[in-house]
Amino acid sequence: MRTSFKKEGMNSSAIHSQLIACQQSVLRFYYGLDRGDYPMAMEQVGPDCLWERGGVLLRGRQQIEESLRKRSATQVARHVVSNFMLLGQDAESATTVFGLAVHLYDSGLPTSLPVPGSTPFLLADVTCELAPGPDAAWRIRQLNVQRTFSYSKEVISPLSPSPKPA
């Protein structure tokens, strides 16, 4: 894992601009994912992005989007990114790490917000490699998600509907 900063030709303003651009790319990815806005999410992903999701290595935008579109249409998800840190950067790449909490709810029926709350589905440590695209926008090149905590009930079956009053 790279932990250095190469600052040749990069002043403090450029370094901080790059940090914000990388962070925004990650946040826009999860925002789009949570709201079913797959074009927005895929805009944040490089053409050859690697992401192991559900034990399957996905390569590129097409495979990633196909996998995401298999999600239940009634699922409500929220990915909460925290403790975002830039480990290393230069003009052509950046390595970031962050915590990721994922909340899921799926009753199998169309829902409206708010849905019943719960413990997170999982907590993970994520290492994310980014690189600028031809348009100079930073794009996710690789997501390495390391589960830290999984909650067995939710892992076996996403959250059950709220109990009905007796």
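See the structure shown above.
Source: prediction; values computed, not measured.

What follows covers the overall build of the protein. Scanning the protein for helices and strands turns up four helices and six strands. With 166 residues in all, the protein has 39% of them scored as buried. Summarising the internal contacts of the protein: among those between residues at least 6 apart in sequence, 57% fall at separations of at least 24. Roughly 9700 Å² of accessible area belongs to the protein as shown, and the carbon and sulfur atoms make up 55% of that amount.

Attention now moves to the nonpolar core. F29, Y30, I64, F98 and L143 are the most contacted members of the largest nonpolar core, which totals 31 residues. Looking at this core, the elements with two or more residues in it are α1 (12–34), α2 (38–43), β1 (45–53), α3 (60–68), β3 (76–89), β4 (94–105), β5 (122–132) and β6 (138–150). Setting aside its immediate chain neighbours within four residues, I64 contacts M42, V45, C49, W51 and L58.

The next thing to look at is α3. In an α-helix, one turn spans 3.6 residues, which is why side chains three or four residues apart end up on the same side. Looking only at α3, the buried set comprises G60, I64, S67 and L68. One side of α3 holds all its buried residues, which, seen down the axis, span an arc of 100 degrees.

In this section: the packing of aromatic side chains. Enumeration over the complete set of coordinates arrives at four aromatic pairs. Where F29 meets Y30, the ring centres are 5.0 Å apart and the plane angle is 75 degrees; that geometry is what we call edge-to-face. No difference in accessibility class separates F29 from Y30, as the two residues are buried. Plain terms: the ring middles of F29 and W51 are 5.7 Å apart, the flat faces sit at 75 degrees to each other, and that makes the pair edge-to-face. One end of the pair, F29, is in helix α1; the other, W51, is in strand β1, with 22 residues separating them in the sequence. An identical accessibility class is assigned to F29 and W51; each is buried. A network of ring pairs unites the aromatic residues F29, Y30, W51, F84 and F98 as a single cluster.

In terms of residue burial, β4 counts as a mostly covered element, since 11 of its 12 residues are buried. Both β3 and β4 contribute to a ladder of 11 bridges, which runs antiparallel. By the bridge assignment for β4, Q89 is matched with A94. Hairpin remark: β3 followed by β4, antiparallel, with four residues in the connecting loop. When β4 meets β5, the two strands line up antiparallel, connected through nine bridges. Its bridge partner being in β5, A101 is matched across the sheet by L123.

What counts, and at which threshold
- Residues numbered from 1 in each chain as written.
- Predicted model: local features only at pLDDT ≥ 70, side-chain atom pairs only at ≥ 80, totals over all residues.
- Heavy atoms only, no water.
- Helix = DSSP H or I, 4+ residues; strand = E, 2+ residues; numbered from the N terminus.
- Buried < 20%, exposed > 50% of the residue type's maximum accessible area, 1.4 Å probe, protein only.
- Contact = heavy atoms within 4.5 Å.
- Areas by Shrake-Rupley, 256 points an atom, 1.4 Å probe, with all protein chains shown as cover.
- Core = buried A, V, L, I, M, F, W, Y, C linked by side-chain atoms within 4.5 Å.
- Arc of directions from axis to C-beta.
- Phe/Tyr/Trp six-rings, centres within 6.5 Å; stacked < 30°, edge-to-face > 60°.
- Pairing = 2+ DSSP bridges.

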